[in-house]
Amino acid sequence: LLHIAIFLAYKHGLLSGEVGPNSNHTLELEWADVGVITSITTFFEVFYSNHCYAKYLKFYSHTRGIINDAHEFALLLRSHIGEKCRNHLRLSVRYMIAGILLHFYEMR
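Residues numbered from 1 in each chain as written. Predicted model: local features only at pLDDT ≥ 70, side-chain atom pairs only at ≥ 80, totals over all residues. Heavy atoms only, no water.

### Topic: the confidence of the model for the protein
Okay, step 1: For the protein, the average pLDDT comes to 83, and 83% of its residues sit at 70 or higher.
Okay, step 2: In the model of the protein, helix H1 (residues 2-11) stands out as the element of lowest mean pLDDT, 78, in contrast to helix H3 (residues 86-107), which has the highest, 91. (pLDDT = per-residue confidence, 0-100. Helix = DSSP H or I, 4+ residues; strand = E, 2+ residues; numbered from the N terminus.)

### Details of a nonpolar patch on the surface
Okay, step 1: A grouping of Val36, Ile40, Phe43, Phe44 and Phe47 is seen on the molecular surface, where their side chains present a nonpolar patch of about 540 Å² in accessible area.
Okay, step 2: Position of Phe47 among the secondary structure elements: in helix H2 (residues 31-81). (Patch = residues over 30% accessible without salt bridge, like charges linked within 9 Å, V, L, I, M, F, W, Y side chains within 5 Å. Areas by Shrake-Rupley, 256 points an atom, 1.4 Å probe, with all protein chains shown as cover. Salt bridge = Lys/Arg side-chain N within 4 Å of Asp/Glu carboxyl O.)

### Digging into H3
Okay, step 1: Look at H3: 32 Å from first C-alpha to last across 22 residues, which is about the 32 Å you get at 1.5 Å a residue.
Okay, step 2: Of the positions making up H3, those classed as buried are Leu89, Val93, Met96 and Ile100. Buried residues in H3, looked at end-on, bunch into an arc of 60°, giving them a common side. Residues Asn87, His88, Arg90, Arg94, Tyr95, Leu101, Leu102 and Glu106 are exposed on H3 and point more than 90 degrees away from its buried face. (Expected span 1.5 Å × (residues − 1). Buried < 20%, exposed > 50% of the residue type's maximum accessible area, 1.4 Å probe, protein only. Arc of directions from axis to C-beta.)

### What to know about the side chain of Thr41
Okay, step 1: With respect to the helices and strands, the residue Thr41 is situated in helix H2.
Okay, step 2: Not counting the four nearest positions on each side in its chain, Thr41 is found in contact with Leu1 and His3. (Contact = heavy atoms within 4.5 Å.)

Have a look at this one:
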């Protein structure tokens, strides 16, 4: 964003190419320096975006793991308990889902 602002300021004449004690502009910057600022800004944008995407992928894999474990737990209960205590089975799965939803709500 900084490099876009400097580029537009230069194109509209706010930043002149005249650098020195005799220039009339308060904001003075050579065009070659804008290239350096643009390179540094681009590097940090790419680095930060890569870091955010890596954190997202890690968070996504953990979230999918939690949901997969909950699904396996429900299937395990269903296979071991079956029709004997159907109400207890539904209640335990509902508590588990409520706990997972509270966990995700707190992570917000």
